[in-house]
Amino acid sequence: MAQNQPIFQIKPEGNEHFAQIPVSIERDSTTLINSNRKPNHWPTILLSTICVIIGQSIAKLLENFYYDKINRSEYNEHRQNDGVWTQALLQTVGFPLLLLPFIILTAKKHNQPSSDQFHYKSLAVIYICMGIVMSVQGRLSAMGKLEIPFGIFTLIYTTQLFFTPIFARFVNKIKFNRWVVISLVLAIVTGALTLSSSFGGEPDEAELNYARGSWAALFAAVCFSLLLCNIQNVFDSYIFKRTESTTRKPSFSSVFEVIIFSSLVATLISMVGLLIAGEQHDLKREMNGFPKGKGSYVMAMVGQAVSWQIYWVGTVGLVFSVSSVLSNVISVVTWPIVSVLVVIFFNYMDDELDVFKGVALITAVLSAAAYFFRLHKENRNSAY
């Protein structure tokens, strides 16, 4: 629980020294910051937020471009779920791009004491579990969008904003105040209002499978929420403990560490799934028949892989800087931006800038503002 320890000074008679009495006073704020974290470092928070917005927006636009050009909307029951492992793979396969910044940031740190070594075996197991969850979440979300209308998928996938606070409360011991609750409510409204958005891979009416698609969307939401809360648990229970016995501050290199090792496991699982499903043959066929040429196909795929890594840096960076809850809020409030960009760049039937998208943009801004206002108050209170 967030605490402040004011020092009361008692000056006795004579030239004796001050006596310092630490008093632990409990504040009514939410525990948003681990005691080992830097107090809400705004440049890191803002940069991470920008990465989430840019990474997710570009990745979703390129995903729409891919599905639009391969005519995924045309009915073909034999190819309905083609590419689900490929889309899951694209979300994690770009992790080698993070190796260079990880090495650079790690090289600047001092050698860690040998007492830290006991963490590594536990972290290895946790990264494997997180990688499994990442791959499952990627496949389920990709499958859900191809089974049910995108508006219904969005509504169900928004339930991650219910699951994340629950997991955060019990796994991360986070407590919430009114500003965080307001932010979550506005984020839920934002996610729900994006139901009018279009998607290039939306299934034909004959391909709809509401039961399977709905369950896929729901479990994808659960997996994403669980993943974020476990990432915060890794920071709080393992990585930040490395600095307890030293004067070193938590380094942003730990963000790259979490992404790289978890993505490595997720990539291996997705590649195995892709090969078992035979999607490598579909990739070759799609590339050869891509209307914009092989170069455009490769660029669309590589662009998605790079964009997803930018997104993950931002998402995990927000968990590192603040909490899993803020990370989830920023991820969801980016959806209206994506929906507007889809309208601008694609000419999908019945997709336009309607009142739902306009209100969603407003609630997205208010949701982020409410959470950031809470962080501002937390910073101000910690200064006293």
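Residues numbered from 1 in each chain as written. Predicted model: local features only at pLDDT ≥ 70, side-chain atom pairs only at ≥ 80, totals over all residues. Heavy atoms only, no water.

## Re the overall build of the chain
(1) Moving on: What the chain contains, in helices and strands, is 14 helices and 4 strands.
(2) Moving on: In the chain, the proportion of contacts linking residues at least 24 apart, taken out of those at least 6 apart, comes to 86%.
(3) Moving on: Accessible area for the chain stands at about 18,200 Å²; split by element, carbon and sulfur atoms hold 65% of it. (Helix = DSSP H or I, 4+ residues; strand = E, 2+ residues; numbered from the N terminus. Contact = heavy atoms within 4.5 Å. Areas by Shrake-Rupley, 256 points an atom, 1.4 Å probe, with all protein chains shown as cover.)

## Focus on empty space enclosed by the protein
(1) Moving on: Within this structure, the stated rule accounts for 3 cavities of 30 Å³ or more.
(2) Moving on: Around the largest cavity, the lining is made up of 28 residues, and of these Q56, K60, K145, Y157 and W335 lie nearest the centre.
(3) Moving on: Those elements giving two or more residues to the lining of the largest cavity turn out to be α1 (42–69), α4 (118–145), α5 (150–157), α11 (294–321) and α13 (335–345).
(4) Moving on: Among the residues making up the lining of the largest cavity, the classes are represented as 12 nonpolar, 13 polar and 3 charged. (1 Å grid on protein atoms, 1.4 Å probe; cavity = no way out; pocket = protein on both sides within 12 Å on 5 of 7 lines; lining within 4 Å. Points joined across faces, edges and corners; volume = space filled by probe spheres on them. Nonpolar A, V, L, I, M, F, W, Y, C, P; charged D, E, K, R; others polar.)

## Description of the packing of α11 against helix α12 (residues 324–333)
If you want to describe how two helices pack, look at the angle between their axes and the distance between the axes.
(1) Moving on: Relative orientation of the contacting elements α11 and α12 amounts to 145°, with a least axis distance of 6 Å. Contacts from Y311, T315, L318 and V319 of α11 reach α12 at S324, L326, S327, I330 and S331.
(2) Moving on: Residues that form the contact of α11 with α12 fall into these classes: 5 nonpolar, 4 polar and no charged. (Axes fitted to C-alpha atoms, helices over the stretch in contact; angles between N-to-C directions.)

## Some remarks on the packing of aromatic side chains
Describing an aromatic ring pair means giving the distance of the ring centres and the angle of the ring planes.
(1) Moving on: Following the criterion strictly, the structure yields 20 aromatic pairs and no others.
(2) Moving on: With centroids separated by 6.1 Å and ring planes inclined at 20°, the aromatic side chains of F150 and F153 adopt a geometry described as stacked. Of this pair, F150 and F153 both sit in helix α5, separated by 3 residues, roughly a single helical turn. Of the two residues, F150 and F153, both sit in the buried class.
(3) Moving on: Centroid distance F224 to W312: 6.4 Å. Interplanar angle 45°. Geometry classified as tilted. Linking F224 in helix α8 (residues 210–239) with W312 in helix α11, this pair joins segments that are 88 residues apart in sequence. Across this residue pair, the class does not change: F224 and W312 are buried.
(4) Moving on: One aromatic cluster is present, formed by F65, Y66, Y67, F150, F153, Y157, F199, F290, Y297 and W335 through successive ring pairs. (Phe/Tyr/Trp six-rings, centres within 6.5 Å; stacked < 30°, edge-to-face > 60°. Buried < 20%, exposed > 50% of the residue type's maximum accessible area, 1.4 Å probe, protein only.)

## Comments concerning the packing of helix α3 (residues 99–107) against helix α9 (residues 253–277)
(1) Moving on: In contact at an axis separation of 9 Å, α3 and α9 are set at 140° when each is read in the N-to-C sense. By the angle between their directions, the pair α3 and α9 is classed as oblique. Crossing geometry of α3 relative to α9 is assigned as left-handed. Of α9, the residues touching α3 (which contributes L99, P101, F102, L105 and T106) are S253, F256, E257 and I260.
(2) Moving on: For the contact of α3 with α9, the per-class residue count stands at 6 nonpolar, 2 polar and 1 charged. (Parallel < 35°, antiparallel > 145°, perpendicular 65-115°, else oblique. Left-handed = near helix turned anticlockwise from the far one by under 90°.)

## Side note on the nonpolar core
(1) Moving on: Of all hydrophobic cores here, the largest spans 83 residues; its most connected members are F235 and V258.
(2) Moving on: The contacts of V258, once residues within four sequence positions are left out, are Y127, M130, I231, V234, F235, I239 and V316.
(3) Moving on: Membership of the second largest hydrophobic core comes to 5 residues, among which are L61, V338, V342 and Y348. (Core = buried A, V, L, I, M, F, W, Y, C linked by side-chain atoms within 4.5 Å.)

## Here we look at the pattern of salt bridges
(1) Moving on: Tallied over the full model, the rule gives 6 salt bridges.
(2) Moving on: Residue K60 pairs with E63 through a salt bridge whose shortest N-O separation is 3.9 Å. Residue K60 and its partner E63 are both found in helix α1; the two are separated by 3 residues, about one turn of the helix.
(3) Moving on: Here D282 ties to R285 by a salt bridge, and the two come within 3.0 Å at their closest N and O atoms. One end of the pair, D282, and the other, R285, are both in helix α10 (residues 279–289), 3 residues apart, so they sit about a helical turn from each other. (Salt bridge = Lys/Arg side-chain N within 4 Å of Asp/Glu carboxyl O.)

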